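# Observations on chain architecture
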Amino acid sequence: MANKDLNRIKVVLVEQKRTAKWLSEQLGKDPATVSKWCTNQSQPSIETLAEASRVLGVDVRELLVPTKDEPKYVRVE
């Protein structure tokens, strides 16, 4: 599973014009850790992913790469 994109955290941050540094401050995590999530070098825990989705105001599913051929994202307003 190495080098496989599993999360879309960086994509969502770009869409919202936010930075990994901003997210790290909101979550109380080291900026290097969040940077690794953004490049898919490592993955956050499910609990942390849920907290990131709350901070970003998106459904947690938007932070994950879909496992089916046709992605179906739900935008939470």
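Structure's up top.
Quantities reported herein were computed from a predicted structural model and do not represent experimental measurements.

Time to look at the overall build of the chain. Scanning the chain for helices and strands turns up four helices and zero strands. In the chain, the succession of α and β elements from N to C terminus is α-α-α-α. Taken across its 77 residues, the chain has 32% of its residues classed as buried. Counted over contacts in the chain with a minimum sequence separation of 6, partners at least 24 positions apart contribute 52%.

With that settled, consider the packing of aromatic side chains. The final tally for this structure, using the stated rule, is zero aromatic pairs. Above the ring of Trp22, the side-chain terminus of Arg18 is found at 4.1 Å from the ring centroid.

Quick look at the packing of helix H2 (residues 20–27) against helix H4 (residues 46–56) now. Between H2 and H4, the least distance of the axes is 10 Å, while the angle of their chain directions is 110 degrees. The angle between H2 and H4 places the two elements in the roughly perpendicular class. H4 is crossed by H2, and the crossing has right-handed handedness. Contacts from Trp22, Leu23, Gln26 and Leu27 of H2 reach H4 at Thr48, Glu51, Ala52, Val55 and Leu56. Residue classes in the contact of H2 with H4 are distributed as six nonpolar, two polar and one charged.

Scoring rules and cut-offs
- Residues numbered from 1 in each chain as written.
- Predicted model: local features only at pLDDT ≥ 70, side-chain atom pairs only at ≥ 80, totals over all residues.
- Heavy atoms only, no water.
- Helix = DSSP H or I, 4+ residues; strand = E, 2+ residues; numbered from the N terminus.
- Buried < 20%, exposed > 50% of the residue type's maximum accessible area, 1.4 Å probe, protein only.
- Contact = heavy atoms within 4.5 Å.
- Phe/Tyr/Trp six-rings, centres within 6.5 Å; stacked < 30°, edge-to-face > 60°.
- Lys NZ or Arg CZ within 6 Å of the ring centre and 35° of its normal.
- Axes fitted to C-alpha atoms, helices over the stretch in contact; angles between N-to-C directions.
- Parallel < 35°, antiparallel > 145°, perpendicular 65-115°, else oblique.
- Left-handed = near helix turned anticlockwise from the far one by under 90°.
- Nonpolar A, V, L, I, M, F, W, Y, C, P; charged D, E, K, R; others polar.

Read these as layout, nothing more, since geometry by itself doesn't imply function.
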